[in-house]
Amino acid sequence: MGIQDIIEGKKQWRAHMARVKALPPDYEIVYKEIQKYIFKVGPIDLLDGSLLSGILDFFEEGAAAGKGVLELIGNDVAAFCDDLMKDSRTYADIYQESISGRPGTAEK
């Protein structure tokens, strides 16, 4: 990864966060909680994928339709996140594999 890639990545991240700040307050709060949860538990391909931008698109559409954020995701933010990441390999999986000594043995 070269310096240009880093600069471009920062520009994209700033544009992404500007979109988040443009959301209604309840959406922004829930988005940031989702973001924290995903960064903590996170799929290992988070940076390569479009998970966060997909959530942001979903939230923008919901806000434009006049729906409340909890109407979209339900009352359990963690369950919503877990469902989004159910088919993704996470850092928790890697840790579980490291303590069991066998790759690919982490249970979901």
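Only a predicted model underlies this, so the values are computations on that prediction, with no experimental measurement involved. (Residues numbered from 1 in each chain as written. Predicted model: local features only at pLDDT ≥ 70, side-chain atom pairs only at ≥ 80, totals over all residues. Heavy atoms only, no water.)

Draft legend 1. Quick peek at the side chain of E28. Position of E28 relative to the elements: it lies in helix α2 (residues 25-41). Look past the residues within four positions of E28 in its chain and what remains in contact with it is V20, K21 and L23. (Helix = DSSP H or I, 4+ residues; strand = E, 2+ residues; numbered from the N terminus. Contact = heavy atoms within 4.5 Å.)

Draft legend 2. Layout of helix α3 (residues 51-64). Over its 14 residues, α3 extends 20 Å from the first C-alpha to the last, a length consistent with the 20 Å expected when each residue adds 1.5 Å. All of the buried residues along α3 are L52, I55, L56, F59 and G62. Buried residues of α3, viewed axially, fall in a sector of 125°; they line one side. Of the residues in α3, the exposed ones pointing more than 90 degrees away from the buried face are E61 and A64. Structurally, α3 contributes buried residues whose contacts are with α1 (3-21), α2, α4 (69-73) and α5 (77-84). In the segment just after α3, G66 is the residue with positive phi, at about 80°. (Expected span 1.5 Å × (residues − 1). Buried < 20%, exposed > 50% of the residue type's maximum accessible area, 1.4 Å probe, protein only. Arc of directions from axis to C-beta.)

Draft legend 3. Structural view of the nonpolar core. With 18 residues, the main nonpolar core has Y31, I34, I38, F59 and I73 as its most contacted residues. Breaking this core down by element, the ones donating at least two residues are α1, α2, α3, α4 and α5. It is α2 that provides the largest number of residues to this core, a total of five residues. Non-local contacts of F59, meaning those with residues more than four positions away in its chain, are made with L23, Y27, V30, Y31, I34, V69, L72 and I73. (Core = buried A, V, L, I, M, F, W, Y, C linked by side-chain atoms within 4.5 Å.)

Draft legend 4. Broad picture of the packing of aromatic side chains. In this structure the tally under the stated criterion is four aromatic pairs. Where Y31 meets F59, the ring centres are 6.4 Å apart and the plane angle is 75°; that geometry is what we call edge-to-face. Taken together, the positions of Y31 in helix α2 and F59 in helix α3 put the pair 28 residues apart, joining distant regions of the chain. The two residues Y31 and F59 agree in class, both being buried. Geometrically, the ring pair formed by F58 and F59 is tilted, given 6.3 Å between the ring centres and 40° between the ring planes. A relative accessible area of 32% means that F58 is categorised as partly exposed. (Phe/Tyr/Trp six-rings, centres within 6.5 Å; stacked < 30°, edge-to-face > 60°.)

Draft legend 5. Focus on the pattern of salt bridges. On inspection of all chains with the given rule, the structure shows six salt bridges. Note that D57 and R19 form a salt bridge whose closest N and O atoms lie 2.5 Å from each other. Residue D57 is located in helix α3, and its partner R19 is located in helix α1; the two are separated by 38 residues in the primary sequence. On the basis of relative accessibility, which here comes to 33%, the residue D57 falls in the partly exposed class. Ionic pairing is found between E97 and R89, a salt bridge with its closest N-O pair at 2.4 Å. Residue E97 is classed as buried on the basis of its relative accessible area of 10%. Judged by its relative accessible area of 39%, R89 is partly exposed. Through salt bridges with shared partners, a single ionic network connects R19, D57 and E60. (Salt bridge = Lys/Arg side-chain N within 4 Å of Asp/Glu carboxyl O.)

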